[in-house]
Amino acid sequence: MIVNNPAAEFGAAMRDYLDGKGDDALHRASEAARRALAEGTPLVERVEQELIAARRLIEEERRRYQILDQAKTQAARRFEFLAEASNVLVSSFDAPASLIAVARLAVPRFAEWCFVNLLEDDGYVHQLEVAHAYDNELARHLRKYSLFRSKAIVESAGVTAQITPEWCDAIAENEQHAELLRNLCGHSAMVAPLRIRERVLGSITLVAAASAPPYSTSDLALAEDLAKRCALALENSRLYREVIAERDRAERASRGKDEFLAILSHELRNPLMPVIGWTRLLLNHSLIAQDPVLVEGVRSMERNARILGRLVGDCLDLARISEGRIQMERRPVDLNQIMVASIDAVGATAKEKSLTIEYDLAPDALLVLGDAMRLEQVIMNLLVNAVKYTDSGGKVRVSCRQYDLTAEVEVTDTGIGIHPAFLEHIFEPFRRGSGSWLTHQSGLGLGLAIARRIVEMHGGKIWAESKGVDQGSTFRVRLPMAALASNEGARELGHTLEQGDVGHLKILLIEDSEDIVFLLRIELETMGHSVITATDGSTGLALAKSNRPDLIISDIKMPGLNGYELIREIRGIPELRGIPAIALTGFGAKADFDRAMAAGFDACISKPAEPHDISALIKKLTEHQPEGK
Ligand code: ADP
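Residues numbered from 1 in each chain as written. Predicted model: local features only at pLDDT ≥ 70, side-chain atom pairs only at ≥ 80, totals over all residues. Heavy atoms only, no water.

**Student:** Before we move on, could you go through the pairing of strand E2 (residues 125–132) and cite the residues and values that matter?
**Tutor:** In terms of burial, E2 is a largely internal element, 7 of the 8 residues being buried. Pairing of strand E1 (residues 113–119) with E2 involves 7 bridges; the strand directions are antiparallel. Counted as the bridge partner of leucine 118 is histidine 126 from E2. Between E1 and the antiparallel strand that follows it, E2, lie 5 residues; glycine 123 among them carries a positive phi value of about 90 degrees. (Buried < 20%, exposed > 50% of the residue type's maximum accessible area, 1.4 Å probe, protein only. Helix = DSSP H or I, 4+ residues; strand = E, 2+ residues; numbered from the N terminus. Pairing = 2+ DSSP bridges.)

**Student:** So what about the packing of helix H3 (residues 95–106) against helix H8 (residues 217–283)? Which residues, and what values?
**Tutor:** Running from amino to carboxyl end, H3 crosses H8 at an angle of 160 degrees, the nearest separation of the two axes being 9 Å. By the angle between their axes, H3 is roughly antiparallel relative to H8. H8 is crossed by H3, and the crossing has right-handed handedness. Where H3 approaches H8, its residues Ala95, Leu99 and Val102 are matched on the opposing element by Leu226, Cys230, Ala233, Leu234 and Ser237. Along the lines of polarity and charge, the residues of the contact of H3 with H8 split into 7 nonpolar, 1 polar and no charged. (Axes fitted to C-alpha atoms, helices over the stretch in contact; angles between N-to-C directions. Parallel < 35°, antiparallel > 145°, perpendicular 65-115°, else oblique. Left-handed = near helix turned anticlockwise from the far one by under 90°. Contact = heavy atoms within 4.5 Å. Nonpolar A, V, L, I, M, F, W, Y, C, P; charged D, E, K, R; others polar.)

**Student:** Go over the confidence of the model for the chain, please, and point to the residues and values.
**Tutor:** On average, the chain scores 85 in pLDDT, and the residues at 70 or more come to 92%. Note that residues 435–440 has pLDDT below 50 and, in this model, 4 contacts with residues that lie over four places away or in other chains. Confidence drops under a pLDDT of 50 for residues 484–500, and excluding neighbours within four residues, the segment shows 19 contacts in the predicted structure. (pLDDT = per-residue confidence, 0-100.)

**Student:** Can you explain the pattern of salt bridges? Please cite residues and give values.
**Tutor:** Pairs can form between side chains of opposite charge once their charged atoms are near each other. Enumeration according to the criterion identifies 41 salt bridges in this entry. Note that arginine 397 and glutamate 358 form a salt bridge whose closest N and O atoms lie 3.0 Å from each other. With arginine 397 in strand E9 (residues 395–403) and glutamate 358 in strand E7 (residues 356–360), this pair connects stretches of sequence that are 39 residues apart. Of the residues examined, arginine 397 reaches a relative accessible area of 36% and is grouped as partly exposed. Judged by its relative accessible area of 29%, glutamate 358 falls in the partly exposed class. For arginine 397, the salt bridge identified is with aspartate 360, shortest N-O distance 3.8 Å. Residue arginine 397 is located in strand E9, and its partner aspartate 360 is located in strand E7; the two are separated by 37 residues in the primary sequence. Each of Arg401, Glu408, Glu410, Glu465, Arg476 and Arg478 takes part in one network of salt bridges that share partners. (Salt bridge = Lys/Arg side-chain N within 4 Å of Asp/Glu carboxyl O.)

**Student:** Tell me what's going on with the sheet that holds E2, and back it up with residues and numbers.
**Tutor:** The strand order across the open sheet built from 5 strands is E2-E1-E5-E4-E3, with neighbouring strands paired in antiparallel fashion. Of all strands in the sheet, those bounded by a partner on one side alone are E2 and strand E3 (158–160). Averaged over all pairs of adjacent strands, the angle between their axes in this sheet comes to 15 degrees, without regard to strand direction. With 8 bridges joining them, strand E4 (residues 189–196) and strand E5 (residues 199–207) adopt antiparallel strand pairing. When the bridges of E5 are listed, isoleucine 196 appears paired with arginine 199.

**Student:** Residue-level account of the sheet that holds strand E16 (residues 581–585), with values.
**Tutor:** The 5 strands lie next to each other as E14-E13-E15-E16-E17, forming an open sheet whose pairing is parallel. Sheet topology places strand E14 (530–534) and strand E17 (603–606) at the edges, where each strand pairs with a single neighbour. The average undirected angle you get between the axes of adjacent strands in this sheet is 20 degrees. Here strand E15 (residues 551–555) pairs with E16 via 4 bridges, running parallel. Of the residues in E16, the one forming a bridge with isoleucine 552 is alanine 581. Packed on one face of the sheet, helix H19 (residues 563–571) meets strand E13 (506–510), E15 and E16 and runs near 155 degrees to E15.

Structure below.
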């Protein structure tokens, strides 16, 4: 470096020396000192000046480092605070509670006061929280008021270096409000609106301690960042509430639909019972039997009434399953026996279509713990479908076997098969195959949905396989095996009640549908009984008292005295207490059966009731009359 001033050169060389530039710097310093002395420069003063300048530089440098350090610490604190606040905000969908927690996090770190205000839909500004750093008297006093309730404040963003009386007057709604605000004069404040897509939801107002430095624009940036996160949390919480409300609405609508289905099915069962009963009686009538056309006509009526009965039953089941009102028994059930019964049931239809049914049963009883009636419903559904969806001349193959620790039932057909895209939807309610089937195959697309639910309620799995359209289908059910094949249980399986002659009984029949009364009377009389009838509960009770019947069959849902009330009355009368009683119910759910039994009936049968089932029940009840009743 060329410096003309030897004193300055001396100073510079000395600084270099102090900076560690070694002997060269020292040499330059002594050269400069020699020249200065030779020129008569007041060297000592110049050196002093240079040293003062050098010290100042060092001082400035240190200050710069300090400021940088402070900025770094501040940035770290801000980052930490924002991270904590974000954690709080995302931890729950209760945004107001999260905002309160965030306000409490902000004091005393960034403010002495943190006010959170929310703008309601009607424009009212509601104070959600006032968090304050110290529990002093002013804090306690001001906490009671909503200081930043003005809509203008909530919507405006900015920093106020110092709250002034003018500022207070400008935002105050009245003199008292201004006076309260003036308590904060001298403090620095900033307002950050909670804004989401131009919509202001509220604001966060931070007020610094009087002794703290005024807020800067970088502080405002932090407050705005915080406000943005809070606004997002509010919006998410609103959307979440909307989704929940929407889901509740949908669930209510679905419940309404289920209730409607349940009532409709129940109401349809009543008129169905006489239709099915009468077709059965007509088929046996000598006049009809003579005419093949009439026989075919009545058969067709019976077939269709039964299809209708099955559809109604499916609707009722679906409604019950959706409402979780279906209950399963847990008893040992032999799938072999269920399979045999189901094959037997579809035999006639299969024969009509010239279908071959092959079967392969497990060598021993294939026991699962479950509800025999419901499991039969599942297997029947698979078999009915196999027969329904296989063209004449086709083949249906059924097998039952043990597979690992499960019992497996497989139903395979050579029928129309299932499109791969439809395979995954086949077990959804109301899903049916291609439109062309709709025209000639009855069904609501409920059977498989119900079957899946029943299988799942037994802890099992059901699925379908098909290589595609016209390639046949296979349905497989796997159920956990019963722990140990209990012979006791096996003997209990599917026990059917044998019919037999129970002799002549005096039966009191109480049912509000006159058609059902008429039909049942004929059926019971055909069995050899005499029948007294009533179409309401009170008349039924009076007849029971005056006639003391051998057995009572009563509907449940009747005007006035219903079936439950009627049986309670009867069980309360000593001389009638022991009469066996059968409840006739339109719902047929286990819960309805249980309720009927709890009320005092000895047995329960659902409509449309088959004569052989009624006859079997009568036999059972009159043979083993419970004592003391
Ligand atoms: P439904 O038979 O009353 O329509 P399901 O729930 O029993 O109702 O069956 C749903 C749909 O699954 C049927 O409409 C049919 O498209 C298809 N499906 C069921 N079983 C078979 C089968 N064995 N072969 C071909 N398609 C079948």
